[in-house]
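Working through the structure, step by step
What follows is each chain in one-letter form.
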Amino acid sequence: MSLKPRSALVLAAVVAAGMLACAPASLAVHATPHEAEGRAQALTSTAPTQAGTVAPTRSTSRAYPAAVGPPRTVAGSTGQWTARPATYGTVIERDVPITMSDGVVLRADVIRPARDGRPAPGRFPVVLTQTPYNKADPAIPAAETYLVQRGYVQVITDVRGTGGSQGTWDSFGTREQRDGAEIVEWTASPQRSWSDGKVATFGASYMAINQLFTAAQHPRGLKAAFPIVPADDIYRDVVASGGQVDAGFIPLWLGLVTATGVLPPTSTGADPVMASGVMAAHLGGAGAFQLPTLMSSLTGGDLAYDGPFYRLRSPASVLDQVRVPTFVVGGWYDIFQRGEPLVYEQLRRNGVPTRLLMGPWTHVQTVRARNRLIKVPLNPHGSHRTT
């Protein structure tokens, strides 16, 4: 029996709206490295490509939110999904303060649907992204206006100790994990005039990993997660993939977070005293966390070996607590290729509604093209193609 084509766009929209059915099918779409030969540019090319096979599904029943509706098809076609047209402009409110339970103030950009340059009235489902790379840095953009133009709000926060947020950064530490749950509940609160109370998380790499920590805490309002190229085990996927400390990647990555963290916050003009305090705290934090972490891992210290430090920061340690529907995206040439299928398999074993898309791309390709992933038509019977 053939299955009708599906679209990651609509799946992502359903995920973002938080209205997936309670027990949809578990689905894996993947292309083997051999099948992927010659297609490494699939995400960045507009030419259709073929790649993939599909794992068996358990159930095909699905409920669709009224705002999205059931899948639409092209008249006279084979039933392929088509995207809803953009019906809104966008407007951004920058550096909105969000006070955590310990008094630290994080900063968020809120991107809202707009009409004639003004925020559209009404409440909308919310897509949340938590970045350590400075939400104001155009080199690593986190904004996804594609969904906002179709009736979603996006909230982008600088994680603690980065960008415009106060505090010190410690890379997925206990306090940062707690922040994620508190941000979801702030976003879903009836006090947010633009939120309908339904929140989904979205983002790539670091912004994918922190989604799993957030979901494991079951914050009110969180309905689904869309982690793109997440790691499973921080030690084995990031620090010492293959058994040897990655002396090339680790300094580069820690340096990137540090550099983007000391850029002047976009709120500097409005509150220079606050901004200078934030920058000073970030610089101090680099000496307290980044530098000792780097030196210990590269010189054979405790952090050169697996242990409690990495277990605390590994999604594998909390996946058994995740319950919300989760769409995982991975790449055969991604640095986290080992972990992405493991995230999917653990969620699937636990009965979590989950899907996995694997394809012929690297980490950087996927991060840069993440906005295209929500527009990739999928055929669960065995192929995908970019549009």
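Cut-offs applied
- Residues numbered from 1 in each chain as written.
- Predicted model: local features only at pLDDT ≥ 70, side-chain atom pairs only at ≥ 80, totals over all residues.
- Heavy atoms only, no water.
- Helix = DSSP H or I, 4+ residues; strand = E, 2+ residues; numbered from the N terminus.
- Areas by Shrake-Rupley, 256 points an atom, 1.4 Å probe, with all protein chains shown as cover.
- Buried < 20%, exposed > 50% of the residue type's maximum accessible area, 1.4 Å probe, protein only.
- Arc of directions from axis to C-beta.
- pLDDT = per-residue confidence, 0-100.
- Contact = heavy atoms within 4.5 Å.
- Phe/Tyr/Trp six-rings, centres within 6.5 Å; stacked < 30°, edge-to-face > 60°.
- Lys NZ or Arg CZ within 6 Å of the ring centre and 35° of its normal.
- 1 Å grid on protein atoms, 1.4 Å probe; cavity = no way out; pocket = protein on both sides within 12 Å on 5 of 7 lines; lining within 4 Å.
- Points joined across faces, edges and corners; volume = space filled by probe spheres on them.
- Salt bridge = Lys/Arg side-chain N within 4 Å of Asp/Glu carboxyl O.

**Some words on the overall build of the protein**
Of regular secondary structure, the protein possesses 11 helices and 14 strands. For the protein, the accessible area works out to roughly 15,800 Å², and carbon and sulfur atoms hold 57% of it.

**Digging into helix α9 (residues 339-349)**
Within the span of α9, buried status applies to G339, E340, V343, Y344, Q346 and L347. What you see down the axis of α9 is that its buried residues fit within an arc of 165 degrees, all on one side. Positive phi appears at G351, one or two residues downstream of α9, with a value of about 80 degrees.

**So, the confidence of the model for the protein**
On average, residues of the protein carry a pLDDT of 77, and 70% of them reach 70 or more. Per-residue pLDDT stays below 50 along residues 1-77; that stretch engages in 199 contacts with residues further than four places along the chain or on separate chains. A low-confidence stretch, residues 377-387 stays under pLDDT 50, and its non-local contacts, those more than four residues away or across chains, total 55 contacts.

**Considerations on the packing of aromatic side chains**
Using the criterion set out here, one finds 12 aromatic pairs in the structure. Relative to Y206, the ring of F172 lies with its centre 4.0 Å away and its plane at 20 degrees, an arrangement referred to as stacked. On the criterion of sequence distance, the pair formed by F172 in the loop between β8 (153-158) and α3 (174-188) and Y206 in helix α4 (residues 206-215) is long-range, its members being 34 residues apart. Owing to a relative accessible area of 3%, F172 belongs among the buried residues under this scheme. Looking at R150, its charged tip hangs above the ring of Y146, at a distance of 3.7 Å from the centre. In this structure, R313 packs its charged tip against the face of F309, placed 3.9 Å from the ring centre.

**With respect to the layout of surface pockets**
Space inside the largest pocket adds up to approximately 730 Å³. In terms of lining residues, the largest pocket is bounded by 32 residues, among which Y133, S205, F249, W253 and L256 are the most central. Secondary-structure elements contributing two or more residues to the lining of the largest pocket are α4, α5 (234-239), α6 (249-261), α7 (272-298), α8 (308-312) and α10 (363-368).

**Side note on the pattern of salt bridges**
Note that side chains of opposite charge can pair when their charged atoms are close. For the structure on display, the rule yields 14 salt bridges. The partner of R338 in a salt bridge is D237, with the nearest N and O atoms 2.9 Å apart. One end of the pair, R338, is in the loop between β11 (326-333) and α9; the other, D237, is in helix α5, and 101 residues separate them in sequence. D237 sits in the buried class, given a relative accessible area of 3%. Taken together, the salt bridges that share partners define one network made up of D102, R160, R175, R178, D179 and E182.

**What to know about the environment of L294**
Structurally, the position occupied by L294 is in helix α7. The class for L294 is buried, based on a relative accessible area of 19%. Through-space distance from the C-alpha of L294 to that of L254 is 7.9 Å; in sequence the pair is 40 residues apart. Leaving out residues up to four positions away in the same chain, L294 has contacts with I250, P251 and L254.

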